[in-house]
Every structure is written in structure tokens, then in C-alpha cells.
Amino acid sequence: MSPRPKNPPRPPSAFQTRPEDVLTVERAELARIAFAASSFPLPWGEMRTWGPHPRCRWDPHPPPSGEHPDCGVLYTAGDLLTCVAEVFADTRLIDTRSDMPLLQVWEATRPLRLLDLTSTWALRNGASVSLDSAPRSTCRAWARAIRDQLPDVDGLRTRSTMTGQDMTVLFSPAQDSLPTLPRDTAPLADATLYALLTALAPEIGYEII
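Just so it is clear, the structure is predicted and the values come from calculations on it, not from any experiment.

Here is what the cut-offs are and how they apply
Residues numbered from 1 in each chain as written. Predicted model: local features only at pLDDT ≥ 70, side-chain atom pairs only at ≥ 80, totals over all residues. Heavy atoms only, no water. Helix = DSSP H or I, 4+ residues; strand = E, 2+ residues; numbered from the N terminus. Salt bridge = Lys/Arg side-chain N within 4 Å of Asp/Glu carboxyl O. Buried < 20%, exposed > 50% of the residue type's maximum accessible area, 1.4 Å probe, protein only.

**Q** Sorry, what's going on with unusual backbone geometry here?
**A** Outside of glycine, negative phi angles account for most residues, and trans bonds account for most peptide bonds. In this model, glycine 51 is joined to proline 52 through a cis peptide bond whose omega is 0°. Mapped onto the secondary structure, proline 52 falls in the loop between strand 3 (50-51) and strand 4 (66-67). Note the cis peptide between proline 63 and proline 64, where omega equals 0°. Counting through the fold element by element, proline 64 comes out in the loop between strand 3 and strand 4. The residue arginine 27 is not glycine, and still its phi comes out positive at about 50°. Mapped onto the elements of the fold, arginine 27 is located in the loop between strand 1 (22-25) and strand 2 (29-35).

**Q** Honestly, the pattern of salt bridges in this entry has me stumped. Any pointers?
**A** Oppositely charged side chains may form a pair once their charged atoms are brought near each other. Throughout the structure, instances matching the rule amount to 10 salt bridges. The salt bridge partner of aspartate 176 is arginine 110, with a shortest N-O separation of 2.8 Å. Of this pair, aspartate 176 sits in the loop between strand 10 (166-171) and strand 11 (184-187) while arginine 110 sits in the loop between strand 7 (101-107) and strand 8 (112-116), and the two are 66 residues apart along the sequence. The exposed category is assigned to aspartate 176, whose relative accessible area is 52%. Here arginine 110 falls in the partly exposed class, since its relative accessible area comes to 22%. When the shortest N-O distance is used, the salt bridge between arginine 157 and aspartate 166 registers 3.6 Å. Judged by relative accessible area, which is 16%, arginine 157 ranks as buried. You can call aspartate 166 partly exposed: its relative accessible area is 39%. Salt bridges sharing partners connect three or more residues here, namely Glu29, Arg183 and Asp184.

Encoded structure:
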């Protein structure tokens, strides 16, 4: 008999979830990098409802890829290093010029209820704590199942596959936790932010322009 995969591409039809598996995070400090001049900019206060995107790990949208107005996602991190490591992972070049990347930082306006994928939840449901490093298609299948079976959670607490630091993936229920405007917004090309990134880049082996 073939061994079971450590992280099955098909999630169970009924999750076993304990109260302690869902974190309540007060005053969550979140950050993201947005591209103000890209062909498809994501305006502040909105979640991406087009998906699933083949390059994105935790998209909860049902296939096929397309517009799903009732299913949004927003990828965030708690630190600048993880933001840039994730966004520029393909090239390992922090490009502060193309498409006008902006760092946006905010505090959630209400407590967030996040399924903790860094706990033993995945292990108890037939996968493993390494689920966050499984193939992207597997992670997306689990994200869809989580969205379907646990519709009241605001998103996921997971780990960055680049830095190992915590990330927060927000789903549609968290829409009302976004403030009217971010607390701080600055282009990555801003002199102060650029100097900070220049100092941080060697820690992750990235270059910067």
C-alpha cells in the first residue's frame, strides 16, 4: 500500500477544529506592498476577487480562474523583511521603481479570528505543519475547503515560505476590519525606506534597485 502523502491535495470533507485552533488577534498590525502603477492595481480597502491565481498559495477562490465577487483575499505580513521577501521572491531583486511599489501599514479595526496553521490543526486533519510549504495547488485546495467549512474565520495565520515569519492571509469576512486609510503609506523609493531596505536586503540575499 502506498504511503499517505504528508499533505494530501484533497482536504477532508469535515474538519476537526477546536476552539484553540482559532486565534483571536487584537489590534493586529499588518503590512503589504501594493503596486500603484500596475496594469491591475488593487485599490486600498479592497480584496482581490479575481482568482485563483496559479502563483498564489492561499487563494480561496473556486476554479476556474475568474472574477468571484463574494470571495476575496489579501496577503499581509507583520514585518517589512517578509513583505519584500515574498513579493520579490521570483527575482530576488527588490525593485523600488517598476509599477510604483508602495508599503502600506495599518492596524485592524477589530479583533481578527484566524485559523492557526502553525499549530497542530493541520496534523489532526490529515496533513502536517509543513502544509504551508506544500505545492501551491494543494494549499489552494485547503484554502477553499477552509473557506467553505469555516466561513466565520477572517483568514489564516501561516508562515512565510521565504522567511519563516508569521503571515496573515485575510479572507472576505475580514473586509470590515480594514480602516478607511492605512496608517502609513510610503513608496519603496522613498529615501528613508530605501535606505532601510538597502540595509535589510543582505540579510535575505536580495539585491535592490
